[in-house]
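Commentary on secondary and tertiary structure
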Amino acid sequence: MNKKRLAVVGATGSIGRSTLDICRRFPEAFEVRALAVRSNLKGLKALEGEFKPKFVVIYEEAAARDYVPLFDGTRVLKGKEGLKLLVQEDLDHIVFASSGTDAIPALMTALARKMEVSLANKESLVVGGPWVMETVDSFDQLRPIDSEHSAIWQCLLGERREDIEEIALTASGGPFLHATYEEMKNATPEIALKHPTWRMGAKITIDSATLFNKGLEIIEACYLFSMPLDRVKAVVQPDSLIHGCVRFCDGSSKLLLSKPDMRIPISFALSYPRRLRLDEAFHRPQITEWKVNFLKIDEEKFPCYGLARRALQMGNAYPPILVGADEAAVEAFLGGVISMVDIFPLLERTLLSYNGPSNLNSLEEAIALVDFGRREAGRLSRLFSERR
Ligand SMILES: NC(=O)C1=CN([C@@H]2O[C@H](COP(=O)(O)OP(=O)(O)OC[C@H]3O[C@@H](n4cnc5c(N)ncnc54)[C@H](OP(=O)(O)O)[C@@H]3O)[C@@H](O)[C@H]2O)C=CC1
Ligand SMILES: CC(=O)[C@@H](O)[C@H](O)COP(=O)(O)O
Ligand SMILES: [Mn+2]
């Protein structure tokens, strides 16, 4: 079997490390040729030592100046240009596991070059869904890693589009599933960062606590599977054992169940159409341990979920604004500037402050609106904090 030559963008993060763990376990299947990070030089150095990539990309140019590669042969690329150049190299597959929106141009280049892509980064689809999807060549070129989307993708294998009635994503409900409003208002970042079922980066963990993550995932699913909003739902499944469900026109439903471990959807994206034999470290839940318990999302308690759905209905300009606004809002919460319950009004007011066209014509305009959302929510969060 030829080894798949991989690049991992966001190599030092939660998804990046899980991806590299799969590469570590299957050295006969994968060769790690390129690693990209934002600024974590220490983490990158350790990975360079282990995987000996041909080149590394450091997005923050100031940080890149201090990087002395371990091996003479390692090429160091920098900044935006570096990320774009990564796609030019001799690769079979790129994993987009970075946070934020910086890697969208590289994703577009990879897709346009018909390369295989595994996508964890949900912001790319929420911001650029229409343009990303029109560049995708085939069902298996863009392979979702986000657990719910991987589940739906797997449920759809071998099915006809016109037979799908409804798609349902599951939500864990986050750490505040049973909390009161007062408890959420007084929650410290430390409490909000304690996710009940998944270990993830800080930004997505806070999004899970407000259920904004599920709102983003609804938008991600609508674009990815080309489904109208009224046929894409989310339900709470507190154990995170079931990740997604598709209901078909004959009354049958398919569910995908696995232990909550991101290495499982990652391995499927990397090895599709094969499956890798993951060892007992992945503890397959026994059938008698399965709990098929679902709850409705409490939209009053978690208004960020509905706000994201509304944003998609309002036009393709609004999801990018929300993405930028939420980055600023989560940063303000983690920095102690606002309370967790301020995140919703901050996002809503940022959306309302936009008075440009509801529908955009280009990806560049969408990316510009992420910046608008970030700036506007940053400004509003300072006002919120003065009033506290
Ligand atoms: N964690 C999870 O289980 C899941 C995550 N996702 C999505 O996957 C993405 C990553 O999440 P997660 O792994 O939790 O995030 P982390 O915060 O753990 O890691 C982010 C990674 O992205 C890198 N990065 C950030 N900006 C850039 C850039 N401009 N260029 C190159 N690298 C960059 C960081 O580098 P550095 O270390 O140098 O800062 C780091 O390696 C997000 O979009 C998230 O929504 C989706 C489903 C599940
Ligand atoms: C692992 C994964 O895919 C995350 O996006 C997950 O969905 C977060 O958990 P919540 O269901 O709590 O948002
Ligand atoms: Mn998810």
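On a predicted model such as this, the values are computed, not experimentally measured, just so you know.

**Quick notes on the packing of aromatic side chains**
Across all of its chains, the model carries six aromatic pairs by this definition. Ring centres of Trp153 and Tyr272 lie 5.0 Å apart, and the angle between their planes is 55°; on these two criteria the pair is classed as tilted. Within this pair, whereas Trp153 is found in helix H7 (residues 147-156), its partner Tyr272 is found in the loop between helix H12 (263-271) and helix H13 (303-314), the two being separated by 119 residues in sequence. Summarising the burial analysis for this pair, Trp153 and Tyr272 share the class buried. When the centroid spacing of 5.7 Å and the interplanar angle of 85° are considered together, the rings of Phe268 and Tyr272 count as edge-to-face. By relative accessible area, Phe268 is classed as buried at 5%. We classify Tyr272 as buried; its relative accessible area is 17%. Members of the aromatic cluster, joined through ring pairs, are Phe139, Trp153, Phe268 and Tyr272. Note that Lys45 overlies the ring of Tyr67, its terminal NZ or CZ placed 5.0 Å from the centroid.

**Some remarks on the UniProt feature "binding site: 1-deoxy-D-xylulose 5-phosphate" (unreviewed entry) in the protein**
Taking the UniProt record as the reference, the feature "binding site: 1-deoxy-D-xylulose 5-phosphate" (unreviewed entry) is found at Lys122, Ser147, Glu148, Ser172, His195, Ser208, Asn213, Lys214 and Glu217. With respect to the element layout, Lys122 can be found in helix H6 (residues 122-135). The contacts of Lys122, once residues within four sequence positions are left out, are Asp146, Ile204, Asn213, Leu216, Glu217 and Glu220. Here Asn213 takes part through its side chain, which lies 2.6 Å from a polar atom of the side chain of Lys122. Its place among the elements puts Ser147 in helix H7. Setting aside chain neighbours within four positions, we find Ser147 in contact with Trp198, His243, Met262 and Pro265.

Conventions and cut-offs
Residues numbered from 1 in each chain as written. Chains lettered and ligands numbered in written order. Predicted model: local features only at pLDDT ≥ 70, side-chain atom pairs only at ≥ 80, totals over all residues. Heavy atoms only, no water. Phe/Tyr/Trp six-rings, centres within 6.5 Å; stacked < 30°, edge-to-face > 60°. Helix = DSSP H or I, 4+ residues; strand = E, 2+ residues; numbered from the N terminus. Buried < 20%, exposed > 50% of the residue type's maximum accessible area, 1.4 Å probe, protein only. Lys NZ or Arg CZ within 6 Å of the ring centre and 35° of its normal. UniProt positions renumbered as here; feature names shortened; annotations may be inferred. Contact = heavy atoms within 4.5 Å. Polar contact = N/O pair within 3.5 Å; in protein donor to acceptor, adjacent residues only side chain to side chain.

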